[in-house]
Amino acid sequence: MLSQKQQDIVIEAMKPFKPTKIAFSPFDADENEMEFLYDFKKTPSLLDLARIMLFLEEQFGQKINLVSFNRIHPFIKEDILKEAQIFFDESKRTETNSIEITTH
Amino acid sequence: MKARERKRILLKLRHIDAFLKKLHQYSRHISKKEEFLTDEPTQIIVSKLIEDTFEAIRVICRDIRPQIKKEYSKIEWEGLVTIRHQIAHESFQYEIDSLYDTMIVDIHNLERELPKFKKYVLSQKKEMVHEKKIE
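It should be emphasised that the depicted structure is a prediction, and the values quoted were computed from it without experimental measurement.

So what's going on with the overall build of chain A? Which residues, and what values?
Along chain A, the regular secondary structure elements total three helices and four strands. Reading chain A from its N terminus to its C terminus gives the helix and strand order α-β-β-α-β-α-β. Going through the 104 residues of chain A one by one, you find that 43% of them count as buried. Long-range pairs, those at least 24 residues apart, make up 67% of the contacts in chain A between residues at least 6 apart in sequence. On chain A, roughly 5800 Å² of surface is accessible, and the fraction owed to carbon and sulfur atoms is 49%.

Structure representation (structure tokens):
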């Protein structure tokens, strides 16, 4: 489970790529690793993704894994999505256009 | 920089040249992203050549001091090595769009910066000769 502060750090790191959805995925993760699912409007290059990973690793002191929602393997997709904790969803933005963050 | 390290770095830089030449050769027929997204064989080749290129960067990283990495920080050493690990261990489940952007943007930036670093490595021979004379 992610704290509000951790969620904010992840959202901020991904902001330049206009995220539509970000989730924490506890599926198959060990205690030294954190996995995040992402869906961006703006395509990041692999180096952009690596920068995000290195930044989050520095912030959280843990190995970070980033997985695009569209690239989750079909074999485990259902299980991953069932357990995923979505903490940013653009479709749930308020009328004032601020970001509504769902805390789990 | 020791002679052996210098030699190893120059060898790796030659490997990178060869990988990037192949990358351009095998992706020459791609003129826009949409073509790349439907061309799986080219995606596989590009992914492999990018992995090989960044593996060579990883080896170079072992041989240079942090101060030199800092001096040539426009080459994002750590980021490139991270990509290599992620591709090699197949844990990087990225969009193919991202691979295309790396081929176009990240590789282009690397090609712009590497000659400066190569020039520095080549200049180290003069330094080594100079050091010997002083000894």
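Read on for the rest.
Tell me about the environment of L54 of chain A, residues and numbers included.
Checked against the element boundaries, L54 of chain A lands in helix α2 (residues 46-60). Looking at L54 of chain A, the relative accessible area reads 21%, which means it is partly exposed. Considering only alpha carbons, one finds L54 of chain A and E90 of chain A, 36 residues apart in sequence, at a separation of 25 Å. Ignoring any residue separated from it by four or fewer positions in sequence, one finds L54 of chain A in contact with E78, G79 and T82 of chain B.

Can you lay out the pattern of salt bridges for me, pointing to particular residues and giving the numbers?
One pass over the structure, following the stated rule, counts 13 salt bridges over all chains. For K41 of chain A, the salt bridge identified is with E90 of chain A, shortest N-O distance 2.7 Å. Taken as a pair, K41 of chain A in the loop between β2 (33-40) and α2 and E90 of chain A in the segment after β4 (85-89) lie far apart in primary sequence, 49 residues in all. Among the salt bridges present, the one from K33 of chain B reaches D101 of chain B, with a minimum N-O distance of 3.2 Å. Highlighted residues: K33 of chain B in helix α2 (residues 33-37) and D101 of chain B in helix α6 (residues 96-134), separated in sequence by 68 residues. Since its relative accessible area comes to 15%, D101 of chain B is described here as buried. Here the residues in one salt-bridge network are D48 and R51 of chain A together with E76 of chain B, joined through shared partners.

Hey, could you go over the pairing of strand β1 (residues 19-24) of chain A for me, with residue numbers and the actual values?
Residues and elements named next belong to chain A. The element β1 is extensively covered by neighbouring structure, given that five of its six residues are classed as buried. The sheet contact formed by β1 and β2 spans five bridges and is antiparallel. Within the sheet, the bridge partner assigned to A23 lies in β2 and is L37. As paired elements, β1 and β4 share four bridges and run antiparallel to each other. Across the sheet, residue I22 finds its bridge partner in β4, namely F88.

Could you give an account of the packing of aromatic side chains, with specific residues and numbers?
Residue and element names in this part refer to chain A. Applying the stated criterion to the full structure yields nine aromatic pairs over all chains. Relative to F40, the ring of F17 lies with its centre 5.7 Å away and its plane at 25 degrees, an arrangement referred to as stacked. With F17 in the loop between α1 (4-14) and β1 and F40 in strand β2, this residue pair connects regions lying 23 residues apart in the sequence. Assessed through its relative accessible area of 9%, F17 is described here as buried. Classification of F40 as buried rests on a relative accessible area of 13%.

Explain the nonpolar core to me, and be specific about the residues and the numbers.
One finds F36 of chain A together with F117 of chain B to be the most contacted residues of the largest nonpolar core, which totals 62 residues. The leading source of residues in this core is α6 of chain B, at ten residues. Among all residues touching F117 of chain B, those that are not within four sequence positions of it are I9, L13, I60, I64, I68, Y72, I75 and W77 of chain B.

Definitions and limits used
Residues numbered from 1 in each chain as written. Chains lettered and ligands numbered in written order. Predicted model: local features only at pLDDT ≥ 70, side-chain atom pairs only at ≥ 80, totals over all residues. Heavy atoms only, no water. Helix = DSSP H or I, 4+ residues; strand = E, 2+ residues; numbered from the N terminus. Buried < 20%, exposed > 50% of the residue type's maximum accessible area, 1.4 Å probe, protein only. Contact = heavy atoms within 4.5 Å. Areas by Shrake-Rupley, 256 points an atom, 1.4 Å probe, with all protein chains shown as cover. Salt bridge = Lys/Arg side-chain N within 4 Å of Asp/Glu carboxyl O. Pairing = 2+ DSSP bridges. Phe/Tyr/Trp six-rings, centres within 6.5 Å; stacked < 30°, edge-to-face > 60°. Core = buried A, V, L, I, M, F, W, Y, C linked by side-chain atoms within 4.5 Å.

Worth remembering: the numbers are spatial, not functional.
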